[in-house]
Amino acid sequence: MNKVQNGGRRVRMNTVVTSRQALLAASRTVARRQGLDGLSIRAVAAEARVSVGSVYNYFSGKTELLAATVEEIWMQILSAPEGEAPRDGFAAYVHWLFHRIQSGAGEYPGFFQGHAAGFLPEGRSTGRRTMEEALGRVRQTLLEALEADCAVRPSAFDASFSREQLAAFVLDSLLGQMSRGADNCEGLEQVLRRLLYR
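The notes below deal with the structure included here. (Residues numbered from 1 in each chain as written. Predicted model: local features only at pLDDT ≥ 70, side-chain atom pairs only at ≥ 80, totals over all residues. Heavy atoms only, no water.)

Examining the nonpolar core
Counting residues in hydrophobic clusters, the biggest one holds 56 residues, and the most contacted among them are W74, F90, L142 and L196. Those elements giving two or more residues to this core turn out to be α1 (20–34), α2 (41–48), α4 (62–78), α5 (90–107), α6 (111–114), α7 (124–148), α8 (163–179) and α9 (186–196). The residues touching F90, leaving out its near neighbours within four places in the chain, are L142, A145, L146, D149, L166, V170, L192, L196 and Y197. (Core = buried A, V, L, I, M, F, W, Y, C linked by side-chain atoms within 4.5 Å. Buried < 20%, exposed > 50% of the residue type's maximum accessible area, 1.4 Å probe, protein only. Helix = DSSP H or I, 4+ residues; strand = E, 2+ residues; numbered from the N terminus. Contact = heavy atoms within 4.5 Å.)

So this is what it looks like as structure tokens:
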């Protein structure tokens, strides 16, 4: 191990080749502590205790690192912790998802407000694309939960109102509630129960 200066203190640098996953773990730690605005190649290298060049072996620059970090955080938010599987039924899944998103917002301050803002101007299109892909996965999980709910009345959907439209509406509602700092989604759950069930 080599010793390097980091903010005035000497730290031991890991000279062993690291992995992309180890760098993303370090990146999530930086995002947890400093928000997406604090994410940089240097900050991740310091957290992982590797050289800046080691980070560039896996990421071409900050934009790619930020995009991969945003994707990793969304995957973490959508993953059910051990023993915390989503409950049965679409309304219950929405309740679970709201609280997972809320938990992620607590763990990664500013994450939901800072997606696109964290990207440099030349990377904003990558940022928007990354965000849209992540939200597309969330919409897909909502759609799958809706389709798996056998208690939904058959007449709830028709040619003018599809399951896909409901999944998109629910996601927009959840994100809107998060941006307003809501502590629950009971109103949305009530709307879903009245719309979908007998």
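As for α2
Three- or four-residue spacings in an α-helix give side chains the same orientation, since the helix completes a turn every 3.6 residues. If you check which residues of α2 are buried, you get I41, A43, V44, A45 and A48. Contacts from the buried residues of α2 go to α1, α3 (52–56) and α4. Positive backbone phi, at 60°, marks R49, one or two positions downstream of α2.

Focus on α4
In a regular helix each residue adds 1.5 Å, so 17 residues correspond to 24 Å; α4 covers 24 Å between its end C-alpha atoms and thus fits that length. Restricting attention to buried positions, one finds in α4 the residues T63, L65, L66, A67, A68, T69, V70, E72, I73, W74 and I77. (Expected span 1.5 Å × (residues − 1).)

What about the packing of aromatic side chains?
The final tally for this structure, using the stated rule, is 2 aromatic pairs. For the ring pair Y93 and W96, a centre distance of 5.4 Å and an interplane angle of 35° mean the geometry is tilted. Pair noted here: Y93 and W96 are both in helix α5, with a separation of 3 residues, about one helical turn. Take Y93 and W96: they sit in the same class, and that class is buried. Ring plane angle 15° and centroid distance 5.6 Å describe the contact between F157 and F161, whose orientation is recorded as stacked. Residue classification places F157 among the buried positions, given a relative accessible area of 11%. (Phe/Tyr/Trp six-rings, centres within 6.5 Å; stacked < 30°, edge-to-face > 60°.)

Let's talk about the pattern of salt bridges
All told, the structure shown has 6 salt bridges when counted by the stated rule. One salt bridge in this structure joins E132 and R139, with 2.3 Å as the shortest N-O distance. E132 sits in the partly exposed class, given a relative accessible area of 43%. Looking at R139, the relative accessible area reads 24%, which means it is partly exposed. (Salt bridge = Lys/Arg side-chain N within 4 Å of Asp/Glu carboxyl O.)

Some details on the environment of R193
Here R193 lies in helix α9. The partly exposed category is assigned to R193, whose relative accessible area is 35%. Separated by 41 residues in sequence, R193 and V152 place their C-alpha atoms 9.1 Å apart.

Considerations on the side chain of S27
By the element assignment, S27 lies in helix α1. Residue contacts for S27: discarding those within four places in its chain leaves L39, V44, L65 and T69.

Scope: geometric values only; no functional claims are made or implied.
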